[in-house]
Amino acid sequence: MGRVSIEEVSLEFRTRRTGTIVALDSLSMEIPDKQFAVIVGPSGCGKSSLLTLVAGLNDASSGCCRVDGRVVNGPGADRGMVFQSYSLFPWLTVRKNVEFGLAVGGLPAPERTERALRHIEAVGLSGFEDAYPVQLSGGMQQRVAIARVLANDPEVLLMDEPFGALDSQTRSIMQELLLGIWEREQKTVLFVTHDIDEALYLGDVVYIMSARPGRIIDTIEVGLARPRRYDIVTSERFVGHKRRVMASLHSEVQKTMNLTPPDPGESGSTS
Amino acid sequence: MAANLLERLFTPKRPIARNLEIGIGVTVATSLFAAWCIVTYGGLVKASFLPAPDAVGDAFVATLADGSLLKHVRVSLLEIYTGFVLSSVIAVPLGIFMGSFRVVAAAIEPVVNFMRYLPVTALIPLLILWIGIGFEEKVAVVFLGVFFQQIVLIADVSAQVNDDLFKVSYTLGASRRQVVTRVLLPATMPGVLDTLRITMGWAWTFLIVAELVAASSGLGYMILQAMRGLHPATIFVGIFVIGFLGLATDLVFKYAKALLLPWTTVR
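These remarks concern the structure in this document.

1. Regarding the overall build of chain B
- A tally of helices and strands in chain B yields 11 helices and zero strands.
- Ordering the α and β elements of chain B from the N terminus gives α-α-α-α-α-α-α-α-α-α-α.
- Taking 2.2 N^0.38 as the reference for a compact globule, 267 residues should give roughly 18 Å; the C-alpha atoms of chain B span a radius of gyration of 24 Å, well beyond that estimate.
- Based on the C-alpha atoms only, the size of chain B along its principal axes is roughly 75 × 65 × 30 Å.
- In chain B, buried positions account for 39% of the 267 residues.

2. Quick notes on the interface of chain A and chain B
- Each side of the interface is counted separately: chain A has 25 residues, and chain B has 19 residues.
- In total, about 2000 Å² of surface goes out of reach between chain A and chain B, with carbon and sulfur atoms giving 73% of it.
- Counting the surface chain A buries against chain B, the share from its top three residues, Trp 91, Phe 100 and Val 104 of chain A, is 31%.
- Our count for the chain A to chain B interface comes out at three residue pairs in polar contact (both at pLDDT 80 or more).
- For the side of chain A that touches chain B, the elements supplying multiple residues, two or more each, are strand E6 (79-82), helix H2 (94-104) and helix H4 (138-151) of chain A.

3. What to know about the pairing of strand E1 (residues 4-15) of chain A
Residue and element names in this part refer to chain A.
- As defined by bridge partners, E1 adjoins strand E2 (residues 19-31) across nine bridges and the pair is classed as antiparallel. Within E2, the position partnered with Val 9 by the bridge is Leu 27.
- Following E1, the chain reverses through three residues before pairing antiparallel with E2.
- Across five bridges, the pairing between E1 and strand E4 (residues 62-67) is antiparallel. Residue pairing across strands places Ser 10 opposite Ser 62, the latter belonging to E4.

4. As for the environment of Gly 243 of chain B
Residues and elements named next belong to chain B.
- Positionally, Gly 243 belongs in helix H11 (residues 232-260).
- On the basis of relative accessible area, Gly 243 is assigned to the partly exposed category, the value being 41%.
- Between the C-alpha atoms of Gly 243 and Trp 204, which are 39 residues apart in sequence, the distance is 9.7 Å.

5. Re the layout of surface pockets
Residue and element names in this part refer to chain B.
- One number sums up the size of the largest pocket: a volume of about 300 Å³.
- Lining of the largest pocket is provided by 13 residues; of these, Ser 100, Phe 101, Phe 166, Tyr 170 and Val 179 occupy positions nearest its centre.
- Every element with two or more residues in the lining of the largest pocket is listed here: helix H4 (68-100), helix H7 (135-159), helix H8 (163-171) and helix H9 (176-213).
- For the lining of the largest pocket, the element with the most residues is H9, which contributes four residues.

6. Re empty space enclosed by the protein
Residues and elements named next belong to chain A.
- As enumerated under the stated definition, the model contains one cavity of 30 Å³ or more in all.
- By volume, the largest cavity amounts to about 40 Å³.
- Together, Leu 150, Leu 157, Leu 178, Ile 181, Trp 182, Glu 185, Lys 187 and Val 189 line the largest cavity.
- Broken down by class, the residue content of the lining of the largest cavity amounts to six nonpolar, no polar and two charged.

7. Here's the deal with unusual backbone geometry
Residues and elements named next belong to chain A.
- Along the chain, Arg 226 connects to Pro 227 via a cis peptide bond; the corresponding omega equals -5°.
- By the element assignment, Pro 227 lies in the loop between strand E10 (216-221) and helix H7 (236-256).
- A positive phi is found at Asp 68, a non-glycine position, where the angle reads about 50°.
- For Asp 68, a relative accessible area of 21% gives the class partly exposed.
- The phi angle at Ser 87 is positive, at roughly 50°, despite the residue not being glycine.
- Inspection of the secondary structure puts Ser 87 in the loop between E6 and H2.
- Ser 87 sits in the buried class, given a relative accessible area of 4%.

8. Describing the nonpolar core
- Within the largest apolar cluster, 98 residues are counted, with the highest numbers of intra-cluster contacts made by Ile 6 of chain A together with Leu 219 of chain B.
- Looking at which element gives the most residues to this core, the answer is H9 of chain B, with 15 residues.
- If we ignore the near neighbours within four places in the chain, the residues touching Leu 219 of chain B are Leu 69, His 72, Val 73, Ser 76, Trp 204, Ile 208, Glu 211, Val 241, Ile 242 and Leu 245 of chain B.
- Ranked by size, the runner-up nonpolar core spans 49 residues in total, among them Ala 131, Ala 145, Val 222 and Phe 238 of chain A.

9. Focus: a nonpolar patch on the surface
- Together, Phe 240, Phe 244, Leu 247, Leu 251 and Tyr 255 of chain B make up an exposed nonpolar region whose accessible area comes to about 550 Å².
- Mapped onto the secondary structure, Tyr 255 of chain B falls in helix H11.

10. Concerning H11 of chain B
All names here are of chain B.
- In this model, H11 (29 residues) spans 42 Å end to end at C-alpha, consistent with the 42 Å of a helix rising 1.5 Å per residue.
- Among all positions in H11, only Pro 232, Ala 233, Thr 234, Ile 235, Val 237, Gly 238, Val 241, Ile 242, Thr 249, Phe 253 and Lys 257 are buried.
- Next to the buried residues of H11 lie helix H3 (53-65), H4, H9 and helix H10 (219-228).

11. A word on the side chain of Asp 160 of chain A
All names here are of chain A.
- Tracing the chain through its elements places Asp 160 in strand E7 (residues 156-160).
- Buried charge Asp 160 goes without a salt bridge, the closest partner of opposite sign being Lys 47 at 6.9 Å.
- Within the structure, the side chain of Asp 160 is placed 2.8 Å from the side chain of Ser 48, a separation counted as a polar contact.
- Those residues within four positions of Asp 160 in sequence are excluded, and the remaining contacts are Ser 48, Leu 51, Met 81, Val 82, Phe 83, Gln 84 and Val 192.

12. What about the packing of H2 of chain A against H9 of chain B?
- Running from N to C, H2 of chain A and H9 of chain B point in directions that differ by 150°, and their axes come no closer than 12 Å. With respect to H9 of chain B, the axis of H2 of chain A lies roughly antiparallel. Between H2 of chain A and H9 of chain B the crossing geometry is right-handed. Listed contacts from H9 of chain B to Phe 100, Ala 103 and Val 104 of chain A of H2 of chain A are Gln 178, Arg 182 and Val 183 of chain B.
- Tallied by class, residues from the contact of H2 of chain A with H9 of chain B come to four nonpolar, one polar and one charged.

13. So, the sheet that holds E6 of chain A
All names here are of chain A.
- Strand order in the open sheet formed by six strands is E6-E7-E8-E3-E9-E10, with mixed pairing between adjacent strands. Looking at the sheet topology across the chains shown, the edges are occupied by E6 and E10. For this sheet, the mean angle separating the axes of adjacent strands, direction not counted, is 15°.
- Pairing of E6 with E7 involves four bridges; the strand directions are parallel. Across the sheet, residue Arg 79 finds its bridge partner in E7, namely Val 156.
- This element, H4, spans E6 and E7 of the sheet and lies at about 175° to E6.

About the criteria used
- Residues numbered from 1 in each chain as written.
- Chains lettered and ligands numbered in written order.
- Predicted model: local features only at pLDDT ≥ 70, side-chain atom pairs only at ≥ 80, totals over all residues.
- Heavy atoms only, no water.
- Helix = DSSP H or I, 4+ residues; strand = E, 2+ residues; numbered from the N terminus.
- Rg over C-alpha atoms; globule rule 2.2 N^0.38 Å.
- Buried < 20%, exposed > 50% of the residue type's maximum accessible area, 1.4 Å probe, protein only.
- Contact = heavy atoms within 4.5 Å.
- Buried area = accessible area lost by both parts, 1.4 Å probe.
- Polar contact = N/O pair within 3.5 Å; in protein donor to acceptor, adjacent residues only side chain to side chain.
- Pairing = 2+ DSSP bridges.
- 1 Å grid on protein atoms, 1.4 Å probe; cavity = no way out; pocket = protein on both sides within 12 Å on 5 of 7 lines; lining within 4 Å.
- Points joined across faces, edges and corners; volume = space filled by probe spheres on them.
- Nonpolar A, V, L, I, M, F, W, Y, C, P; charged D, E, K, R; others polar.
- Core = buried A, V, L, I, M, F, W, Y, C linked by side-chain atoms within 4.5 Å.
- Patch = residues over 30% accessible without salt bridge, like charges linked within 9 Å, V, L, I, M, F, W, Y side chains within 5 Å.
- Areas by Shrake-Rupley, 256 points an atom, 1.4 Å probe, with all protein chains shown as cover.
- Salt bridge = Lys/Arg side-chain N within 4 Å of Asp/Glu carboxyl O.
- Expected span 1.5 Å × (residues − 1).
- Lys, Arg positive; Asp, Glu negative; His and termini not counted.
- Axes fitted to C-alpha atoms, helices over the stretch in contact; angles between N-to-C directions.
- Parallel < 35°, antiparallel > 145°, perpendicular 65-115°, else oblique.
- Left-handed = near helix turned anticlockwise from the far one by under 90°.

By themselves, these observations are geometric and do not establish any function.
See the structure below:
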């Protein structure tokens, strides 16, 4: 089970120059078990901060996150995270990287090797078990990171712009790969991105987040049939959703850049 | 054609053929040696100012034959490695903790920063007063010379470790202790080896200075005695031996890195 509840979470931090900054403002979200939820928002809106709160890597100023009713109180193996920066251990081979979570969890060596090899195969990296991360391309490194988190069998997968550093061809291959894995493994996913196509292509639900202070300004039930093929991006329903997300995000991005929106009537409703 | 070659050779960072690289290195080294031969055998300088290669060779054989060279080498190596190993054994863990734990940094940073701008050579008279001019004093000079530099350099290596590696480890279920032993320590190892390699070079400087100031054996002492006895050839023997010992140590560090940390050299 992996039901994630985010209950009126606020995050503030103080800087010497600008005083108190409200990154997240009383934000609530309910993600049912096995749902693929995507948060899309302008950069700096606090969407990555929200992930670190669910991961337990950071403490909320108020409110709390729960996984299956249990209050998040520090990081744990039940919530696996994938970062944009791959963050593989450069001194470990691909196989040892994938085994890391199992090793710190105390699983006996033969068993963890067997499980690691299975997940390396699932991301199509058989033959690279003994390679070091520096020997791999960015896309391959991120596949190792995904295999590493899945080998640990978490209930919730937290993904912080995992494909943000990849070129667009590799990115779309990775999205397809991730969907295939998700359909097989059936895990709750909380995925953060600023790429609208990516959000709609992957998600069951897409949450649109405002610029600072971060709030949810719109929620889209994507409702596209699964398994999805990449050509759904041209379907009418997809394009309709995309228009809606773009309209909300456009004025938010302008706000973060201190530009006045050309149509104040549209953005006036959120402030 | 020639202009083309020059253009290729002087384009920044452009690789050149391996043979050419070796050829250039050998040419420069032999030219230096040839220049040495010309000014000495050609009678351009006095032998008491710059001895000829064969005089240095004779001095080398003579000091080797009477056992004095090996004795001085043994004394110097023992002093430098004792001081260096003692320093490294404490400075490496302390530096790693100082770079990653604010509480350790708060405790030792003020002292370390004061000490590291104090040239160890200024402490030599005091050390002689306290512990004499023997083995212990040389070890102390080497130790104090490299210790505070090692701490600062290694603390920096430790502070540079990518924070995402810690975060990902926690979300994979690692405890704080496991994050230190399985992530922080291995992540700092390449920087630690580089630091040791650099500070080993400095250690030689401090040791030789200490031996020149006051000693009864060691390569610095041998050089000083040769100066007093007007044996420039023996001075050169000492200088060459120090140079080659440094080169050998550096090669050991280089191969140790390739051997112990294969992931830093694979491509």
